[in-house]
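Here is how the chains run, residue by residue.
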Amino acid sequence: MVTPTPSPVILSQDELKKIAAYKAVEFVESGMVLGLGTGSTAKHAIDRIAELLRIGKLKNIVGIPTSSITHEQAVSLGIPLSDLNAHPILDLAIDGADEVDPQMNLVKGRGGSLLREKMVEAASKKFIVIVDESKLVSHLGGTGLAMPVEIVPFCWEFTLRRLEMLFIEAGCVGKLRVVRESSEPYVTDNGNYIIDLYFKSDMGDLKEASDAILRLAGVVEHGMFLDMATTVIVAGKLGVFVTNK
Ligand SMILES: O=C[C@H](O)[C@H](O)[C@H](O)COP(=O)(O)O
């Protein structure tokens, strides 16, 4: 008799996100001040933190949310919250990412929360990034997907053109992010707009690109998180991989 070989379990992208998120929460200790990220992956981590608080495995956690939506989720789950004014140094932040390169540089902000995320995560002693393997890239901006830049609404078309001109050789095209249902500009938690930059070819040196974008008056922040992650947790078909800086 032939014993059937068990077919490999195919996990959905959301299940992989949850695995990475739960792994990250293993690094959370009672008494920590925690940066709570934004997005579908970070949401799993926040659910798990709330569950561990509820059953008493974690105690005295203070969360610093990175968006109004995360704030709402944490409040609904009863996680005690504070802000950067009261807690300027965090023990740990956990958040997802849109792209992760081999040097652990990130693109974030396709969900629109890049500014508060960068403020909170830059203030954290440790920053764990949680992703499923689809987020791994060989270089940032090379996927043909958006690299978001938060800008002030004033004369946004002018700022969009200036951003495109910075990367003319990389065939950069900028698009104002709009709300799908209304076609109105998408407005961030900070009252700003987002320009999504699309590159036809490599944007070049990331630090130079970052500095050039930030030098433009009208730009508030961009979605490249360079040299910020201290740990990346990747969940994929072959398992969960934890890489430390
Ligand atoms: O603005 C959104 C954030 O940067 C998210 O962390 C990022 O977009 C990843 O989101 P998700 O976990 O939903 O893929």
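What you see is a predicted model, and the numbers here were worked out from it, not measured in a lab.

Taken together, 17 residues form the shell around the ligand, and within it Ser-40, Thr-41, Asp-98, Glu-117 and Lys-135 come nearest. Measuring from an oxygen atom of the ligand, one finds a side-chain N or O atom of Glu-117 at 2.7 Å. Within the contact set of the ligand, an oxygen atom lies 2.7 Å away from a side-chain nitrogen or oxygen of Lys-135. Against a free-state accessible area of 370 Å², the protein chains account for coverage of 91% of the ligand. Applying the majority rule of atoms within 2 Å of the grid points places the ligand in the largest pocket. When grouped by side-chain class, the residues that make up the shell around the ligand number one nonpolar, nine polar and seven charged.

The subject of this paragraph is a nonpolar patch on the surface. On the surface, Val-9, Leu-11, Ile-19, Phe-27, Val-240 and Val-242 cluster together to form a nonpolar patch covering roughly 470 Å² of accessible area. We classify Val-9 as exposed; its relative accessible area is 72%.

As assigned here, the protein chain comprises domain 1 (13–136 + 226–236) and domain 2 (147–222). The centre of domain 1, based on its C-alpha atoms, is set 25 Å off from the matching centre of domain 2. With 15 residues of domain 1 at the contact, the number on the domain 2 side is 15 residues. Roughly 1,200 Å² of surface becomes buried between domain 1 and domain 2 when both sides are summed, with 57% attributable to carbon and sulfur atoms. Area buried by domain 1 at its contact with domain 2 is led by Leu-114, Leu-115 and Leu-226, which between them contribute 40% of it. Here domain 1 and domain 2 share one salt bridge between them. Between Lys-118 and Glu-221 there is a salt bridge; the shortest N-O distance is 2.9 Å.

Turning our attention to the packing of aromatic side chains. Between two aromatic rings, the relevant description is the distance of the centres plus the angle of the planes. Tallied over the full model, the rule gives one aromatic pair. Considering the side-chain rings of Phe-167 and Phe-199, the 5.3 Å spacing of their centres and the 80° angle between planes classify their relative orientation as edge-to-face. Placement of the pair is Phe-167 in the loop between α5 (156–166) and β8 (173–176) and Phe-199 in the loop between β9 (193–198) and α6 (206–215), with a sequence separation of 32 residues. Of the two residues, Phe-167 and Phe-199, neither departs from the other in class, the shared state being buried. For Lys-175, the ring lying beneath its charged end belongs to Tyr-198, and the centroid distance is 5.3 Å. Over the ring of Tyr-186 we find Arg-177; its NZ or CZ atom is 5.7 Å from the centre of that ring.

Residues Thr-70, Gln-73 and Ala-74 constitute the buried set of helix α3 (residues 68–77). All buried residues of α3 fall inside an arc of 95° around its axis, so they share one side. Within α3, the exposed residues directed more than 90 degrees away from the buried face are Ile-69, Glu-72 and Ser-76. Just downstream of α3 lies Gly-78, where phi reads positive at about 80°.

Take the side chain of Asp-196 next. Residue placement: Asp-196 occurs in strand β9. Take Asp-196: its relative accessible area is 7%, and that puts it in the buried class. At 2.8 Å, the side chain of Asp-196 forms a polar contact with the side chain of Arg-177. Those residues in contact with Asp-196 that lie beyond four places of it in its chain are Ala-146, Met-147, Pro-148, Val-173, Gly-174, Lys-175 and Arg-177.

Basis of the calculations
Residues numbered from 1 in each chain as written. Predicted model: local features only at pLDDT ≥ 70, side-chain atom pairs only at ≥ 80, totals over all residues. Heavy atoms only, no water. Near = heavy atom within 4 Å. Polar contact = N/O pair within 3.5 Å; in protein donor to acceptor, adjacent residues only side chain to side chain. Areas by Shrake-Rupley, 256 points an atom, 1.4 Å probe, with all protein chains shown as cover. 1 Å grid on protein atoms, 1.4 Å probe; cavity = no way out; pocket = protein on both sides within 12 Å on 5 of 7 lines; lining within 4 Å. Sits in = over half its atoms within 2 Å of the grid points. Nonpolar A, V, L, I, M, F, W, Y, C, P; charged D, E, K, R; others polar. Patch = residues over 30% accessible without salt bridge, like charges linked within 9 Å, V, L, I, M, F, W, Y side chains within 5 Å. Salt bridge = Lys/Arg side-chain N within 4 Å of Asp/Glu carboxyl O. Buried < 20%, exposed > 50% of the residue type's maximum accessible area, 1.4 Å probe, protein only. Domains from an automatic or database assignment. Contact = heavy atoms within 4.5 Å. Buried area = accessible area lost by both parts, 1.4 Å probe. Phe/Tyr/Trp six-rings, centres within 6.5 Å; stacked < 30°, edge-to-face > 60°. Helix = DSSP H or I, 4+ residues; strand = E, 2+ residues; numbered from the N terminus. Lys NZ or Arg CZ within 6 Å of the ring centre and 35° of its normal. Arc of directions from axis to C-beta.

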